[in-house]
Structures are given as structure tokens and as C-alpha cells.
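What follows is each chain in one-letter form.
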Amino acid sequence: MEYNLADLFESVVDVVPDREALVYVDHPGTGAERRLTYRELDEAANRIAHHLLDNGLKAGEHLGLHLYNGVEYLQTVLACLKARLVPVNVNYRYVEEELVYLYRDADLAALVFDGEFTERVAGALPRTEKLRHLVRVGAVPEGAPALEAVEFGDAEASGAPGRGFGPRSPDDLFIIYTGGTTGMPKGVMWRQEDLFFAGLFGGAPTGEPVKRPEELAERVAAGGAGLTFFPTPPLMHGTSTLTSFVAFNYGQRIVIHRKYAPEEVLRTIEKEKVSSVSLVGDAMLRPLLDALRGPLKGTDMSSLFSVSSSGAIMSDTVRAQFQELVPNVLLLNNFGSSESGSNGKATDDSGPEKGFRLEVNERTQVIDPVTHEPVPVGEPGRLAQRGHVPLGYYNDPEKTAETFFQRGDERWVLLGDMATVDEDGIVTVLGRGSQCINTGGEKVYPEEVEQALKAHPDVYDALVAGVPDARWGNHVAAVVQIRQGAPEPTLDEIQTHCRTRLAGYKIPRQLVVAPSIQRSPSGKADYRWAKAVATQADTPATDDA
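Residues numbered from 1 in each chain as written. Predicted model: local features only at pLDDT ≥ 70, side-chain atom pairs only at ≥ 80, totals over all residues. Heavy atoms only, no water.

## Topic: the overall build of the protein chain
A tally of helices and strands in the protein chain yields 16 helices and 27 strands. At 23 Å, the protein chain has a C-alpha radius of gyration in line with the 24 Å of a compact globule built from 545 residues. Oriented by its inertia axes, the alpha-carbon framework of the protein chain measures out at about 70 × 60 × 55 Å. Considering the protein chain as a whole, with its 545 residues, one finds that 56% of them fall into the buried category. Element-wise, carbon and sulfur atoms account for 49% of the exposed surface of the protein chain, whose accessible area totals about 22500 Å². Charged side chains in the protein chain number 54 positive and 77 negative. The centres of these two groups are separated by 0 Å. (Helix = DSSP H or I, 4+ residues; strand = E, 2+ residues; numbered from the N terminus. Rg over C-alpha atoms; globule rule 2.2 N^0.38 Å. Buried < 20%, exposed > 50% of the residue type's maximum accessible area, 1.4 Å probe, protein only. Areas by Shrake-Rupley, 256 points an atom, 1.4 Å probe, with all protein chains shown as cover. Lys, Arg positive; Asp, Glu negative; His and termini not counted. Charge placed at Lys NZ, Arg CZ, Asp CG, Glu CD.)

## Overview of helix α3 (residues 71–83)
Owing to its 3.6 residues per turn, the α-helix brings residues three or four apart onto one side. Between the first and last C-alpha of α3 there are 18 Å, a value that for 13 residues agrees with the 18 Å anticipated at 1.5 Å per step. Most of α3 sits inside the fold, with 13 of its 13 residues counted as buried. R84, located one to two residues past α3, shows a positive phi value of around 65 degrees. (Expected span 1.5 Å × (residues − 1).)

## Considering the sheet that holds strand β26 (residues 473–482)
Read from one edge of the open sheet, three strands run β25-β26-β27, paired in mixed fashion. Strands at the two margins of the open sheet, each flanked by one partner only, are β25 (459–469) and β27 (510–513). Sheet twist, expressed as the average angle between the axes of neighbouring strands with direction ignored, equals 25 degrees. Here four bridges tie β26 to β27, and the two strands are oriented parallel to one another. Of the residues in β27, the one forming a bridge with A478 is L511. (Pairing = 2+ DSSP bridges. Axes fitted to C-alpha atoms, helices over the stretch in contact; angles between N-to-C directions.)

## Remarks on helix α8 (residues 213–222)
For α8, every residue scored as buried is listed here: P213, E215, L216, A217 and V220. Contact partners of the buried residues in α8: α1 (5–15), α7 (192–198) and α9 (238–250). (Contact = heavy atoms within 4.5 Å.)

## Some points on the packing of aromatic side chains
Tallying each qualifying case throughout the model produces 13 aromatic pairs. Judged by centre distance (5.5 Å) and plane angle (25 degrees), the rings of Y3 and F196 are stacked. Of this pair, Y3 sits in the segment before α1 while F196 sits in helix α7; the two residues are 193 residues apart in sequence, bridging distant segments of the chain. Here Y3 and F196 have matching classes, each one buried. Their ring planes at 80 degrees and their centres at 5.6 Å tell us that F245 and F248 sit as a pair that is edge-to-face. In this pair, F245 and F248 both sit in helix α9, three residues apart, roughly one turn of the helix. Judged by relative accessible area, which is 3%, F245 ranks as buried. Residue classification places F248 among the buried residues on the basis of a relative accessible area of 1%. An aromatic cluster is defined as three or more aromatic residues linked by ring pairs; in this entry it consists of F9, Y38, F245 and F248. (Phe/Tyr/Trp six-rings, centres within 6.5 Å; stacked < 30°, edge-to-face > 60°.)

## So, empty space enclosed by the protein
Unoccupied space between atoms shows up once a probe the size of one water molecule is rolled over them. One pass over the full model with this rule turns up two cavities of 30 Å³ or more. Its volume calculated, the largest cavity comes out at about 80 Å³. Taken together, the elements giving at least two residues each to the lining of the largest cavity come down to α3, β4 (86–89), β8 (173–179) and α9. For the lining of the largest cavity, the residue count by class is 10 nonpolar, three polar and no charged. There is about 50 Å³ of room inside the second largest cavity. Every residue along the wall of the second largest cavity is listed here: Y24, L67, Y68, N69, G70, E72, Y73, D114, V137 and R258. In terms of residue class, the lining of the second largest cavity is made up of five nonpolar, two polar and three charged. (1 Å grid on protein atoms, 1.4 Å probe; cavity = no way out; pocket = protein on both sides within 12 Å on 5 of 7 lines; lining within 4 Å. Points joined across faces, edges and corners; volume = space filled by probe spheres on them. Nonpolar A, V, L, I, M, F, W, Y, C, P; charged D, E, K, R; others polar.)

## Considerations on the packing of helix α2 (residues 38–54) against α3
Packing of α2 against α3 brings their axes to within 8 Å, and their N-to-C directions diverge by 60 degrees. By the angle class used here, α2 and α3 are oblique. Crossing angle aside, the handedness with which α2 passes α3 is right-handed. Facing α2, whose interface residues are L41, D42, A44, A45, N46, I48, A49 and L53, α3 presents Q75, L78, A79, K82 and A83. In the contact of α2 with α3, the residues fall into nine nonpolar, two polar and two charged. (Parallel < 35°, antiparallel > 145°, perpendicular 65-115°, else oblique. Left-handed = near helix turned anticlockwise from the far one by under 90°.)

## Section: unusual backbone geometry
With a phi angle near 55 degrees, D107 is a residue other than glycine that sits in the positive phi range. By the secondary structure assignment, D107 is in the loop between α4 (96–105) and β5 (108–114).

## A word on the pattern of salt bridges
Scanning the entire structure with this criterion turns up 41 salt bridges. Salt-bridge contacts for D14 lead to R163; the nearest nitrogen and oxygen are separated by 3.0 Å. In this pair, D14 is assigned in helix α1 and R163 in the loop between α6 (152–158) and β8, connecting sequence segments 149 residues apart. The exposed category is assigned to D14, whose relative accessible area is 51%. Between E359 and K345 there is a salt bridge whose closest N-O contact spans 3.5 Å. (Salt bridge = Lys/Arg side-chain N within 4 Å of Asp/Glu carboxyl O.)

## Describing the pairing of β5
Regular strands show a simple pattern: their side chains alternate between the two faces of the sheet. Among the seven residues of β5, seven are classified as buried, and the element is accordingly described as predominantly covered. Two strands pair when backbone bridges link them, and strand β3 (residues 62–66) and β5 are joined in this way by five bridges, in the parallel orientation. Looking at the pairing, L65 lines up with V112 of β5. As judged from the five bridges shared by β5 and strand β6 (residues 133–137), these two strands associate in the parallel manner. Of the residues in β6, the one forming a bridge with A110 is H133. On the question of chirality, the crossover connecting β5 to the parallel β6 by way of helix α5 (residues 118–124) is right-handed. (Right-handed = clockwise from strand over helix to strand, strands pointing away.)

## Thoughts on the side chain of T347
Inspection of the secondary structure puts T347 in the loop between β15 (341–346) and β16 (356–360). Note on T347: relative accessible area 7%, which makes it buried. One polar contact links T347 to D349, side chain to side chain, over a distance of 2.5 Å. If we skip the residues at most four places from it in the chain, T347 touches R357, L358, E359 and I426. (Polar contact = N/O pair within 3.5 Å; in protein donor to acceptor, adjacent residues only side chain to side chain.)

## What to know about the environment of T241
Along the chain, T241 turns up in helix α9. Of the residues examined, T241 reaches a relative accessible area of 4% and is grouped as buried. Sequence-wise, T241 and P126 are 115 residues apart; in three dimensions their C-alpha atoms are separated by 30 Å. If near-sequence neighbours (up to four positions away) are discounted, T241 is found in contact with Y73, F174 and L235.

Written out as C-alpha cells, the structure is:
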């Protein structure tokens, strides 16, 4: 047996086959749900894996998951791992042009997609030469174009329920697509053994990692049920999928909703006795707080042990207010990335006064980005991680060479976060090295939005910056210079224009019209100026994007 995610999952299935593995609420509030034991989930994944292999997919080929949350998402990921196909997450907010890029960049040979996205898939398909097999989940909207796609239920019925797969390898790939510094998505290539230790804590988030692959199932067999994990963000984000696999490695239960609905999240916590909730910053925690203060006041939260955030920070204010209502819950700001897995968690004194302070794991250091040597105490450097790190970026050797390096006998990844370290080894994160905007856990790169803005006939020049936002952490603000003699566009007009070119979370929520755009003599953007102009402007921001 190897450190292969499918092998590890099957070893857990074999010791707790009748334990409940997955509870899925289709549309919160309707009562529609599905419950699968470990044996049932294993057989369901086997069926999809055999369907894919029977239809000509070969080990090492890539399959895209263009899906909302659902049983089908985790079932298909497991199917890929079993069949030695490479699962690739697809951001379902992407519009047609963005999908064309990702489908092609990832060399997708197959795609499992929600029927709701049929029109976008149909638009991208003619420009995606390698994509040859489609599986559709759910109905096709009225008026959507016809596609040659196998309905998911038919695909499942056509595949054998048994295993019967060949040997697998710890070198089998798992690709997580994330935003790159140029604004285009990048596929982070993980060996499954490395992902198991860096992203899944070696089977033990709070204890000693396993020393043998067989030890994972031995621990599950020796333990008991009783924990319920609830990843509330979309599974298309690596964090939620990895959280699900953490639960599988424990032999515990996962609850998922199709979409995030705060009041239904609270009802599910009460009904299913949820132990641990994962979310993305204040954008998801604040609505839970509002619901607990209002229509869901008195909801039983006694089962809840922890709420963890990855991708964005839960602010001190919102954390304190939530803690007043749920005093026994542990609130954790975790820190990590698609390129590193987990780096650590925020200290208890992390906050506005002392900054965002981290207790990092032994594999994380602050280094000089040029010499790759550790920086002295108090001096700024870049976060880096060693050991179990990805192989690089798929289809991007240049970016791989910039980000991954060898030091001594170990492979390292250089992260985009600037930081310092103190005498006690506590790391203070200073911010992204680039101008990346983190809005509700989503990464937005100014250059991409600026190009969309400049395509507007009345916009002469534009800069984009992140402005602090009580709900989203930051919102996207556009500072634009209008062409001489052109009418001044409204925010609604700018948003409508951008909506055809960008995913919704990238669309500006604030518009500031400036007499001119300030740049350096060489023409480089002055983002500090743009952020100051947008922050000081009296133009209100909107959540409607």
C-alpha cells in the first residue's frame, strides 16, 4: 500500500463500511437530502470511475469538475483518484472566455458539469480541442444549446460497482487551480503523497502524522464515530475538498450544502450535531452572526467545537461578537495556500494592534527571495515552505522556475506573502508581494480587471485596487479616467460591461472617476495612489456585482 489518496480512502472504507460518510442537502430549506455510508460512497465512485475508463479515458488524463457542491463532486473526485485520472477544479463563476483558457491550459480530456452551466460550456467547447467526454449533472435549462453529454445518473448506472482497478502510485497527480500573478489561473501540481502530508496533515491535524499508510485505517478502526465536518464554501476551492478528505481520513462524517445559505447552515448545525465548520472570513461568518441574533436566535449550537477560516481572515470584531453568542466554540484563522498546503494558524494575540501573527509549522520559514536564506529577526522576507511541496505549475515552466527551488536536499516553494519573524519564531504577515485583492476569499488581480475596464468605449485609463470592506475583507474598486468628451459612465454601466468578461467576484463594486490616472514616469501603475483615491472617495460601494 502506498500514500495514494484512493488507496487510503479504500482502506478506511474497508474498516468502517457501514458508517455514515456524507450528508448532502440539495436545496437548503426544501428538506431534500442524500445520505451515503462509506460503502455506498465507495461503490458510487467506483461506478463513475469505470464509466470513465470504459469511455476511453486513460490514466494521467485530466478531468474538470465544473460543479456546484453535491455528492457528484466528491464522488467524481474519488472516481478520478481510483482510475488514476487527474481531477481539476473549475471555478463555476468563470464566464466563457475564462473557461476557454482554463479548459485549454489544463488540457481537459473530460468534464463533469452542472446542467445550469450548459450555455457556457457549449460556448467554450469549440475552442477546447482535447475535451472529448462530457457528463452532465442535472437538467438542462430551457433554451440552452444541445450538447452531447452523458447524464450523470446514466453514467453511474453504466459503471460496475466493484473496484477492480490496477495498482496506483504516490506519484499520481492532484491539480488545484488557483490564480496566478498575471491574473490567469494556474494549476498547482501535487504528488498525492505530498498533498497527504502538506494539505491533509498526514492523517492527523491535531496529532502525530501516520508513519505507514496502513496506520491510517488502523487508527480509524481503533477510534469511533461522532465528529461531523461541515465545509461551507464551494468544493471548487481546494480548501473545502481537502477538508472533506481530512474527514474521510478520520473515518468521520461530512455535511455539505449545494450553496451557502446562512440560516440553513445554522439549522444543519443543530440538526446534524456538527462539530466543525470551515468557512471564508467575515463574508461568511458575519451572516451567521446576523442570523443568530435575529431569525435563528436560540439555535442549539452546543455540538459545535470549532469554526475555522482559510482564504480570508475572521476579524477580531466579528469573532468577538460570535463568541458572545457561542462562547464554547474555538475560532481559528488558518493560513495556507494551494502551493503550500497548511502553513500554520493565527496566534491568540493576532489582530489590529500587533498584526496578523502566525504560529507556523516546522516546514515554513521567512527567507530572502533572492538568496533563499533565512532572514534575520525583524527583517522582511518572503514566506517559503520546504519538504512536501508541489512539483510546480502545470503548463508553466517559467512561473514554476520563479516559485519552486532546491536548497540542499529539499525542495522549496516561495510564497507570495511578505513577512517578518520574531525571536520566538512567530511570523507576522505583512501582505501579498503582488497587488492581489482578496475579496471574500477569492483572489482578484488588478491587471485582469483593468483590461476589461479599458475595453469600455468611454474609459481612457484605469487602475484597480482593493478597498477595506466590512463584509468581504476588501472590495474591488475601479479608478478610471474618461475619454475626452465622453459621457461619464455609471457604476451599473461599468458592471454590466465587465460582467460579460469577468466572473462576478472580479467586477468592481465601486467606481471613482478621476481627472487622470497617476503613474510613474516609466508608466508603471501607482497602486498606492489608486487605493488612497478609492478609500477616500465619497462614492459608495455596492454588493451587487
